[in-house]
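Structural overview
Each chain is listed here by its residues.
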Amino acid sequence: NHMKSTHLILLLAVCFCTIQVLGQAEITFDTDVIDYGTINKGEDGIRSFKFTNTGSAALFITQVRSSCGCTIPKKPTDSIMPGEEDVIEVKYDTNRVGPIRKTITVTSNASTAVVALKIKGTIIEPEEQ
């Protein structure tokens, strides 16, 4: 019986050490808000949220969702290794005149599993010359 408990303790110790070695991915964004400012209808609506994996394990972006269909986010498909940078591209439909107030939700295997990014700004009708 003593032998069984020793094996169990060893097994637990091995599992614990493995968890420590694997580390944790960390997602750190340069900014969590992009302000388009005031732009004309039909102007380029593509912006990028730059981020870095500041953790010690590979980062996987599992999902990027927008609060509406007028914003199309694009996520990296490959893993992002520790210390590497990448971007989440956001394409807003600039044919919609009015204020921009949208949230993009990024889900990953990072210690902060869900991050909310925001885009804001105003789209106006261009003035006739």
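Residues numbered from 1 in each chain as written. Predicted model: local features only at pLDDT ≥ 70, side-chain atom pairs only at ≥ 80, totals over all residues. Heavy atoms only, no water.

**A word on the overall build of the chain**
What counts here: For the purposes of this entry, the term helix denotes a DSSP run of H or I that reaches at least four residues, the term strand denotes a run of E that reaches at least two, and both are numbered from the N terminus. Between buried and exposed lies partly exposed: a residue is buried under 20% and exposed over 50% of the maximum accessible area for its type, with that area taken using a 1.4 Å probe on protein chains only. Only heavy atoms enter the contact rule, under which two residues are in contact if any of them lie within 4.5 Å. In this description, accessible areas are obtained by the Shrake-Rupley approach with a 1.4 Å probe, and a residue is regarded as covered only by the protein chains that are shown.
From N to C terminus, the chain includes 1 helix and 8 strands. Counting helices and strands in the order they occur from the N terminus, the chain gives α-β-β-β-β-β-β-β-β. Taken across its 129 residues, the chain has 28% of its residues classed as buried. For the chain, long-range pairs separated by at least 24 residues make up 66% of all intrachain contacts whose partners lie at least 6 apart in sequence. When the accessible surface of the chain is totalled, it reaches about 8,300 Å², and 55% of it is carbon and sulfur.

**Observations regarding the sheet that holds strand S8 (residues 114–124)**
The condition that has to hold: Pairs of strands are assigned from DSSP output, requiring at least two bridges between the strands. Fitting a line to C-alpha atoms yields each axis, with helices limited to the stretch in contact; the angle taken between N-to-C directions then spans 0 to 180 degrees.
Strand order in the open sheet made by the 4 strands is S2-S8-S7-S4, with mixed pairing throughout. At either margin of the open sheet sits one strand with a lone partner, and together these are strand S2 (33–40) and strand S4 (61–66). For this sheet the average axis-to-axis angle between neighbouring strands, irrespective of direction, equals 15 degrees.

**Quick notes on the environment of Lys 91**
Checked against the element boundaries, Lys 91 lands in strand S6 (residues 85–92). The exposure class of Lys 91 is partly exposed, given its relative accessible area of 46%. Taking the C-alpha atoms as reference points, Lys 91 and Gly 45, separated by 46 residues in sequence, lie 5.3 Å from one another. Apart from the residues lying within four places of it in its own chain, the contact partners of Lys 91 are Gly 45, Ile 46, Cys 70, Thr 71 and Ile 72.

**Points about the sheet that holds strand S5 (residues 71–74)**
Taken in spatial order, the 4 strands line up as S1-S3-S6-S5 in an open sheet, and their pairing is antiparallel. Edge positions in the sheet fall to strand S1 (27–29) and S5, since each has one partner strand and no second. Between one strand and the next, the sheet's axes are offset by a mean angle of 30 degrees, whatever the strand orientation. Of the pairings in the sheet, the one linking S1 to strand S3 (residues 46–53) comprises 3 bridges and is antiparallel in character. Bridge pairing in S3 links Thr 28 to Thr 52.

Interpretation note: all reported values are geometric properties and have no functional meaning in isolation.
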